[in-house]
Each structure stands twice: as C-alpha cells, then as structure tokens.
Amino acid sequence: MKLLNLRDARALGCDMTPQMAQAVEAWDRLFYLADQPPHSLKMAQSLTGYMATLATSEMTFSTGTGARADWLQQQCSANLTPHLFEAVQLAGVGGMSAVKPFVENGSLYAEVIPRGRIFPERWGPNYRLNAGYFTDFDKIEGDVAVVKVEHFDLRDGALTITNKAYRLKTGGLMGEEVPLTDVPRWAALEPEVTIHNVNRPHFGLLRMPMLNTVDASPYPVSLYANALDTLRQLDATYGDFVWERETGKRRMILDRTAAMRDPVNGKPPIPFREMASDFYMTIDMPDEKPWDDYTPDFRFDAYKTSMETLLRLLEMQVGFSAGTFAIEPRTGRVTATQVISEDRTTYNTIKAIQDRGLTTGLLDVLYWFDVYATLYSLAPAGAVEPAVSFGDSIFEDTGVEFQRRMALAQANYLRPELVTAWYFGVDEEKARQMMPAADTLHFGDA
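First things first, this report covers the structure right here in the doc.

Here is what the cut-offs are and how they apply
Numbers given for residues are sequential positions, taken from 1 along each chain in its written order. Where local features are concerned, this predicted model is filtered to residues with pLDDT of at least 70; where side-chain atom pairs are given and counted, the filter is 80 or more; whole-chain, interface and lining totals use all residues. Side-chain descriptors were evaluated using all non-hydrogen atoms of the structure, hydrogens and water having been removed beforehand. Summary of the burial criterion: residues with accessible area below 20% of their type's maximum are buried, those above 50% are exposed, and those between are partly exposed, where the area comes from a 1.4 Å probe applied to protein chains only. The numbering of helices and of strands both runs from the N terminus, where a helix is a DSSP run of H or I of at least 4 residues and a strand a run of E of at least 2. At least two bridges found by DSSP between two strands are what make those strands a pair. Any carboxyl oxygen of Asp or Glu that lies within 4 Å of a side-chain nitrogen of Lys or Arg is treated as forming a salt bridge with it. Any Phe, Tyr or Trp ring, taking Trp's six-membered ring, that has another such ring centre within 6.5 Å forms a pair; planes under 30 degrees apart are called stacked, those over 60 apart edge-to-face, and the others tilted. Should any heavy atoms of two residues lie within 4.5 Å, those residues are counted as being in contact. Think of a patch as exposed residues, more than 30% relative accessible area, with no salt bridge, where like charges cluster within 9 Å and nonpolar side chains (Val, Leu, Ile, Met, Phe, Trp, Tyr) cluster within 5 Å. In short, Shrake-Rupley with a 1.4 Å probe defines the accessible areas, and a residue's cover is counted only from the protein chains shown. We define the nonpolar core as a collection of buried residues of types Ala, Val, Leu, Ile, Met, Phe, Trp, Tyr and Cys that are connected through side-chain atoms lying within 4.5 Å of one another. With axes taken as lines fitted to C-alpha atoms, and helix axes fitted only over the stretch in contact, angles between N-to-C directions fall between 0 and 180 degrees. To estimate the expected span of a helix, count its residues, drop one, and scale the result by 1.5 Å.

## Notes on the pairing of strand S3 (residues 107-113)
With five of its seven residues buried, S3 lies for the most part within the structure. Sheet analysis places strand S2 (residues 96-104) next to S3, joined by seven bridges and oriented antiparallel. By the bridge assignment, Val99 is partnered in S3 with Val112. Adjacent in sequence and paired antiparallel, S2 and S3 are bridged by two residues, among which Asn105 carries a positive phi angle near 55°.

So this is what it looks like as structure tokens:
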C-alpha cells in the first residue's frame with residue numbers, strides 16, 4: 001500500500017495526527033502481510049473477510065419503481081454489488097473506505113478507495129466527510145512515480161473537485177507538479193469542476209462504528225484496532241508450533257561409521273539429505289547397539305490451549321461470539337435457535353456495522369448514481385426511492401419469522417405488502433406490484 005508522507009498530507013490540509021498515521025500503517029501491514037513472520041495465520045485477513053461476508057451476503061439495493069429506477073437498479077446489480085465485499089472488507093482494515101461512482105461508456109461504475117488513499121479535511125454532521133482528498137498512483141515516462149491528488153469541498157450546496165498530479169520522491173514526498181495529460185489514465189480528467197445543487201460529496205464513505213481509541217478524533221478505526229498485540233502473539237505462537245514440529249520430528253541416532261563412504265562406489269550408505277534431516281550422528285556408540293531412536297514429545301495440546309486462549313481474547317476484542325474461530329468446531333446437530341443465541345455477540349456487532357457504518361454511505365452512492373444519471377443524461381426522468389436492505393437469515397430462523405409475520409397479517413395486525421417486502425427484500429411499492437389483485441387476497445378471511 002502506497003501512503004502519502006504525513007508532512008505532505010498535512011500541508012495539503014489533512015488534520016491527521018501522527019498517532020493515527022502510525023495506526024493506519026500498522027493496520028495495513030498486518031493485513032497485507034508486510035514484515036510478517038514466515039508462518040502466519042493471516043488473521044487480519046480472516047477477521048475482515050468474515051465480517052464482510054456476514055455484512056454483505058444478503059445485501060440488496062432498491063431504487064423504487066419506474067423506468068429510471070429500473071435502469072439504476074440494473075446499474076447497481078451489474079456494477080456496484082460485485083464490489084461491495086471488497087469495499088466492506090477494506091473498511092474493516094483501515095476503519096473506512098470510499099465507494100466513488102463514475103461514468104464510462106454510458107454506464108455507471110464504482111471505484112473502491114482504501115483507507116490509505118483517503119485524507120479527511122473537514123467532517124460534517126453524522127461523520128459525513130465534507131472536505132478532503134483522495135490520492136492515486138501511477139508512473140510516467142522513465143518509470144517516474146507520480147501521485148494524483150483529488151481534492152473535494154462541499155459548501156452551500158456546491159461540490160468543487162480539483163485534480164492535480166505531482167512527481168513522487170523517495171519516502172512518499174511530493175515533488176513538482178506535472179500535467180494530468182502525462183498519465184493516460186488521468187488525461188481525460190478536468191483540473192477543476194463544480195457541481196451545484198447537491199447536498200453530499202461524490203462518494204459513499206463506509207466506516208467501522210467502533211470508538212476511536214487511537215486519538216479520540218472523528219476518524220474511524222480498524223475492526224482489529226484493539227487486537228494488534230493478540231494478532232501478533234497468535235502468529236508468534238503458530239510460528240513456534242511449526243518450528244517445534246519441524247525440529248522435533250522423529251530421528252535416528254547413528255554412529256559416525258554409518259556415514260563412512262563405501263570403499264567401492266565412494267558414496268555413504270545413507271544419502272546426505274537424509275543424514276542432514278532425519279538422523280543425528282554421534283561418536284563411539286556402543287558396539288552392541290550402534291543406533292538409537294530420538295522421538296521427542298510433541299506438545300500439541302500445549303500449543304492448542306495457548307492458541308485457543310488467544311483466539312478467545314481476539315473474539316472478545318473485535319466483538320465476535322466466543323468460539324467463532326475455534327480450532328475444533330462444534331459437532332452434532334445444532335438448531336437455528338441455538339445459533340441465534342450463541343452468535344448474539346457477532347450479530348450485534350454486524351448489525352452495528354450495517355446500521356451505523358454502511359447504510360449512510362451506501363445511500364450516498366445511490367444518490368450519486370442518480371445525480372450522474374441526470375448530469376450525463378443516462379436515464380429517463382422519474383422519481384427514485386433509494387433503499388438498502390441487509391437481511392439477517394444467517395442469524396435469524398427465517399422459517400419461524402415468516403410464519404409469525406404471516407400470522408400477524410392474517411389476523412389483520414400487519415399489512416400484507418409488508419410481509420412481501422420483508423421476504424423479498426424490496427420496498428413497499430415494489431411489494432404492492434408483486435402482489436395479486438386485491439380481490440384475490442385472502443389475508444384475514446375465515
């Protein structure tokens with residue numbers, strides 16, 4: 001991961017503290033396995049991947065009804081939904097990621113920007129990022145590294161975006177400015193543009209809802225911000241386990257004469273590789289027994305206990321239920337009710353991430369899909385009603401819940417379209433269109 005030097009970042013207007021810059025680098029190094037031991041459990045990747053799977057596995061978008069809404073729905077399904085797992089996982093790594101829509105060849109797409117390329121400048125209400133900049137990296141002729149700085153600033157209903165490129169020197173320091181046209185990928189970008197009559201920046205910010213314990217600023221923190229030492233200890237313990245397995249495997253102890261060269265062919269009776277790895281040699285073994293067996297006790301149970309203890313600490317520190325990463329998984333028949341009860345901590349954490357970390361950002365992405373559809377005349381006019389649904393059948397016994405809602409509808413305590421909307425993950429208007437004509441409905445009839 002390329003990170004802009006903190007000195008230049010602050011000179012451009014970012015108020016990130018040295019403590020936060022160091023924390024972001026530490027989170028990235030654990031995730032991207034920089035300077036990791038030879039044997040790593042890669043738990044930072046597993047943690048964020050597991051979180052992203054639970055948070056996005058049933059995520060759906062709805063844009064309402066009508067020709068415009070249908071076109072936007074199609075764009076979301078084709079060009080936004082496939083990137084959401086990556087975006088949420090990267091948000092888990094660095095505390096936040098950005099999903100930035102753009103237009104290409106008459107279609108809407110979304111770029112995922114990781115934490116290391118996001119530099120906040122001014123926060124608005126509810127942690128919306130109203131000013132800041134994104135960085136991007138490339139090379140020009142002569143293999144010279146360059147960085148693009150895209151600054152954005154939302155004020156009084158107008159969003160101003162500027163793009164500049166600079167040479168990148170050793171240590172991530174910026175050098176002199178270079179034309180955007182020197183990089184083919186940036187050549188079509190406008191140096192400055194202002195978009196009027198908008199009420200949010202041109203991206204959706206996905207963030208982790210955990211409390212910032214690094215510098216108490218509005219900056220979000222990694223899913224595993226409070227578990228760095230535990231992650232390192234897990235790798236160290238696993239490394240010791242592998243080392244003991246390699247060095248403690250069974251070997252034979254032989255007298256040196258067993259390794260003497262054969263006088264006829266000049267080769268030792270035991271191949272050198274086997275002598276180096278599977279045998280110990282000694283001097284003056286007893287003539288009646290010129291060999292012995294070396295079979296040390298393998299301390300598997302001790303390592304297992306140590307790693308299980310660290311895994312329980314890790315689960316507690318990141319907000320997952322005890323046993324989530326058990327070395328020996330649960331066996332036997334497990335009911336849906338048991339899963340719901342035992343995974344309640346994980347459920348609460350994922351629900352907080354969805355409700356307080358993802359929903360606002362995803363609705364912002366849909367907002368800009370709608371804005372770009374108007375600016376570039378991509379879709380017919382019409383109303384759009386954006387909505388995000390996450391679903392929870394991973395934790396919820398959906399069969400029991402469906403029967404409960406059906407019973408409420410049949411007793412006239414719940415409108416039928418709400419049952420349909422919940423079951424299919426659509427809004428009420430879409431649910432009404434999916435339902436049969438009113439004279440064929442039988443909810444509440446004897």
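On we go from here.
## As for the pattern of salt bridges
Within this structure, the stated rule accounts for 21 salt bridges. For Glu25, the salt bridge is made with Arg29, and the minimal N-O distance between the two is 3.8 Å. Placement of both Glu25 and Arg29 in helix H2 (residues 18-31) is noted, with a separation of four residues, approximately one turn of the helix. By relative accessible area, which is 37% here, Glu25 ends up partly exposed.

## Looking at unusual backbone geometry
The backbone phi angle of Leu33 is positive, close to 60°, even though this residue is not glycine. Inspection of the secondary structure puts Leu33 in the loop between H2 and helix H3 (43-56). On the basis of relative accessible area, Leu33 is assigned to the partly exposed category, the value being 28%. A positive phi angle is found at Tyr127, which is not glycine, with a value near 60°. Position of Tyr127 among the secondary structure elements: in the loop between strand S4 (118-123) and strand S5 (129-140).

## Quick notes on the pairing of S2
Two strands pair when backbone bridges link them, and S2 and strand S10 (residues 204-207) are joined in this way by four bridges, in the antiparallel orientation. The residue bridging Val99 from the neighbouring strand is Gly204, located in S10.

## Quick notes on the packing of aromatic side chains
According to the stated counting rule, one finds 16 aromatic pairs in the structure shown. Aromatic pair Trp368 and Tyr372: ring centres 5.3 Å apart, planes at 55°, arrangement tilted. One end of the pair is Trp368 and the other is Tyr372, both in helix H10 (residues 344-375) and four residues apart, which spans about a single turn. A relative accessible area of 10% means that Tyr372 is categorised as buried.

## A word on the environment of Val388
Here Val388 shows up in strand S14 (residues 387-389). Sequence spacing of Val388 and Thr63 is 325 residues, and the spatial spacing of their C-alpha atoms is 8.9 Å. When near neighbours in sequence (up to four residues on either side) are disregarded, Val388 contacts Met59, Thr60, Phe61, Leu362, Leu363 and Leu366.

## A word on the environment of Gly157
Here Gly157 lies in the loop between strand S6 (144-155) and strand S7 (158-168). With 40 residues separating them in the primary sequence, Gly157 and Asn197 have C-alpha atoms 5.1 Å apart. Excluding residues within four positions of it along the chain, Gly157 makes contact with Ile195, His196, Asn197 and Val198.

## Re a nonpolar patch on the surface
A cluster of nonpolar side chains, contributed by Tyr423, Phe424 and Met434, occupies part of the molecular surface with about 340 Å² of accessible area. Along the chain, Met434 turns up in helix H13 (residues 428-434).

## Quick word on the nonpolar core
By size, the foremost hydrophobic cluster in this structure holds 91 residues, and its most contacted members are Leu80 and Tyr224. Setting aside its immediate chain neighbours within four residues, Tyr224 contacts Trp27, Leu30, Phe31, Ala44, Leu47, Thr48, Gly92, Val93, Leu231 and Val318.

## Some words on the sheet that holds S10
Strands sit in the order S3-S2-S10 across an open sheet of three strands; the sheet is antiparallel. The open sheet has two edge strands with one neighbour each: S3 and S10. If you compare each strand with its neighbour and ignore which way they point, the axes differ by 25° on average. Sheet strands touched by helix H5 (residues 84-94): S2, S3 and S10. Its angle to S2, the strand with the most contacts, is close to 145°.

## Topic: helix H6 (residues 228-247)
Between its terminal C-alpha atoms H6 stretches 29 Å, which fits the 28 Å expected from 20 residues at 1.5 Å a residue. Turning to H6, its buried residues number three or more, namely Leu228, Thr230, Leu231, Leu234, Asp235, Thr237, Phe241, Val242 and Glu244. Summarising the contacts, the buried residues of H6 are in contact with H2, H3 and helix H8 (300-318).

Just distances and angles here, no functional claims.
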